[in-house]
Amino acid sequence: MKRATLCLLLALSACGPQDDNPLIAATDSQFLQAMDFRASDCYQALFAPERLRNASGQPVTPGAAAVTKGACIERVQSAAARAGISPAIVPKHLDDPRVQVRYAKLKATQ
């Protein structure tokens, strides 16, 4: 009886509603693969554009920040697809404040 109850609970939880943000619904491993910025400026471009700097150390223009952010969004979209995250990532998913919180939490545990 206990085994049947446990199986029923697992089945019900698997059928429960997923988060509408695929980055939040992804496993920790998938999330980290998608958000692997390495040495790029993507963290700043996505989460702290005011900290973006050019090669001279000066703040970048809003236009340059937008170009960098666009490139970073494309990088995350490609990495998320390779990691098996579905549906496709769109800019509003990255603008979700929970993404930055999750990123910081997971990076702190590495």
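Preceding this paragraph is the structure being described.
Computed from a prediction, not measured in an experiment: that's the story for all the values here.

A. Here's a closer look at the state of the cysteines. This model, assessed by the stated rule, comprises one disulfide. There is a disulfide in this structure between C42 and C72, and the S-S distance comes to 2.1 Å. Looking along the S-S bond of the C42-C72 disulfide, the torsion reads about -90°, which is the left-handed sense. Of the two residues, C42 is situated in helix α4 (residues 42-47) and C72 in helix α5 (residues 62-82); the sequence distance between them amounts to 30 residues. In this structure C42 comes out as buried when scored by relative accessible area, which is 1%. With a relative accessible area of 4%, C72 lands in the buried category.

B. Here's a closer look at unusual backbone geometry. Across the junction of S86 and P87, the peptide omega takes the value 0°, indicating a cis bond. Tracing the chain through its elements places P87 in the loop between α5 and α6 (91-95).

C. Spotlight on the environment of A80. With respect to the helices and strands, A80 occurs in helix α5. Since its relative accessible area comes to 1%, A80 is described here as buried. The spatial distance from the C-alpha of A80 to the C-alpha of F31 is 7.5 Å, given a sequence separation of 49 residues.

D. Structural detail: the pattern of salt bridges. Throughout the structure, instances matching the rule amount to five salt bridges. Taking the shortest distance from any N to any O, the salt bridge between R102 and D28 comes out at 2.7 Å. Taken together, the residues span a long stretch of sequence, with R102 in helix α7 (residues 97-108) and D28 in helix α3 (residues 28-34) at a distance of 74 residues. What makes R102 buried here is its relative accessible area of 14%. Here R38 ties to D36 by a salt bridge, and the two come within 2.8 Å at their closest N and O atoms.

Rules behind the numbers
- Residues numbered from 1 in each chain as written.
- Predicted model: local features only at pLDDT ≥ 70, side-chain atom pairs only at ≥ 80, totals over all residues.
- Heavy atoms only, no water.
- Disulfide = S-S within 2.5 Å.
- Helix = DSSP H or I, 4+ residues; strand = E, 2+ residues; numbered from the N terminus.
- Buried < 20%, exposed > 50% of the residue type's maximum accessible area, 1.4 Å probe, protein only.
- Salt bridge = Lys/Arg side-chain N within 4 Å of Asp/Glu carboxyl O.

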